[in-house]
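# Architecture and fold: a report
The lines below spell out each chain.
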Amino acid sequence: MHPVSRVAMAVALAVSALSMLAHNLYELPLSPIDLENSGPIAFAAILGIAYALRPESRAVAAAALGWGVLNLVIGGIVSVLPLAILPFVPEQSLTHYGAHVVYTVGQVPLVLVAYRALRAGGSTRRELRPQ
């Protein structure tokens, strides 16, 4: 399997972050510099820099995959459901569902690219060489 390019990972991380930002700006009274926005964007940037420096790293690919899955499942899907375990009651409207569709769909490229990077990455175990 061919390694994932640094550009593909950067684009996937940017789409992920922008879909989260679009959701938050539309649904929440937050500015782009509020911690709820700037923190995840900074984390995505750190992942992008780490991947640019070490594209063969399985740990970086796994972190990017985990970040994408976390955003997809928790941010995109679970937080729209009216569940008693949530510390808030999500709005049950078409526009709110639409914002979560944007959020969820924006995570798919990251999940796919990070999964490919994880599969293509080098082994975490060192090969034993006979002496």
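This one's a predicted model, so the numbers in the text were calculated from it and none came from an experiment. (Residues numbered from 1 in each chain as written. Predicted model: local features only at pLDDT ≥ 70, side-chain atom pairs only at ≥ 80, totals over all residues. Heavy atoms only, no water.)

### Comments concerning the packing of helix α2 (residues 35-53) against helix α3 (residues 58-77)
At their nearest, the axes of α2 and α3 sit 9 Å apart, and the two run at 150° to each other. Between α2 and α3, the crossing angle belongs to the class labelled roughly antiparallel. For α2 against α3, the interelement crossing comes out left-handed. Note on element contacts: α3 touches α2 through Val60, Ala63, Ala64 and Trp67, opposite Pro40, Phe43, Ala44, Leu47, Ala50 and Tyr51. (Axes fitted to C-alpha atoms, helices over the stretch in contact; angles between N-to-C directions. Helix = DSSP H or I, 4+ residues; strand = E, 2+ residues; numbered from the N terminus. Parallel < 35°, antiparallel > 145°, perpendicular 65-115°, else oblique. Left-handed = near helix turned anticlockwise from the far one by under 90°. Contact = heavy atoms within 4.5 Å.)

### Focus on the environment of Tyr103
Inspection of the secondary structure assignment puts Tyr103 in helix α4 (residues 94-120). Considered as a pair, Tyr103 and Ser19 are 84 residues apart in the sequence and their alpha carbons are 4.8 Å apart. In contact with Tyr103, other than residues within four places in its own chain, are Ser19, Met20, His23, Asn71, Gly75 and Gly76. Within polar-contact distance, the side chain of Tyr103 engages the side chain of Asn71 at 2.9 Å. (Polar contact = N/O pair within 3.5 Å; in protein donor to acceptor, adjacent residues only side chain to side chain.)

### Digging into the environment of Leu112
Structurally, the position occupied by Leu112 is in helix α4. C-alpha of Leu112 to C-alpha of Gly68: the two residues are 44 residues apart in sequence and 8.9 Å apart in space.

### Points about the environment of Gly98
Tracing the sequence through the fold places Gly98 in helix α4. Sequence separation between Gly98 and Tyr51 is 47 residues, and the spatial gap between their C-alpha atoms is 31 Å.

### Quick word on the nonpolar core
In this structure, Met9, Leu13, Tyr51, Leu110, Ala114 and Ala117 are the most contacted members of the largest nonpolar core, which totals 20 residues. Those residues in contact with Leu13 that lie beyond four places of it in its chain are Ala44, Leu47, Gly48 and Leu110. (Core = buried A, V, L, I, M, F, W, Y, C linked by side-chain atoms within 4.5 Å. Buried < 20%, exposed > 50% of the residue type's maximum accessible area, 1.4 Å probe, protein only.)

### Structural notes on the confidence of the model for the protein chain
Here the protein chain shows a mean pLDDT of 90. Residues at 70 or above account for 92%. Across the protein chain, the secondary-structure element scoring lowest on mean pLDDT is α4, at 95, and the one scoring highest is α2, at 97. Note on residues 124-128: pLDDT is under 50 here. Beyond four places in sequence and across chains, it has one contact. (pLDDT = per-residue confidence, 0-100.)

### Let's talk about the packing of helix α1 (residues 6-27) against α2
It is the contact of α1 with α2, at a shortest axis distance of 9 Å, that shows an interaxial angle of 175°. Regarding the angle of α1 to α2, the classification is roughly antiparallel. Contacts from Arg6, Met9, Leu13, Ala17, Met20, Leu21, Asn24 and Leu25 of α1 reach α2 at Glu36, Asn37, Pro40, Ile41, Ala44, Leu47, Gly48, Tyr51 and Ala52. Here the residues of the contact of α1 with α2 sort into 12 nonpolar, three polar and two charged. (Nonpolar A, V, L, I, M, F, W, Y, C, P; charged D, E, K, R; others polar.)

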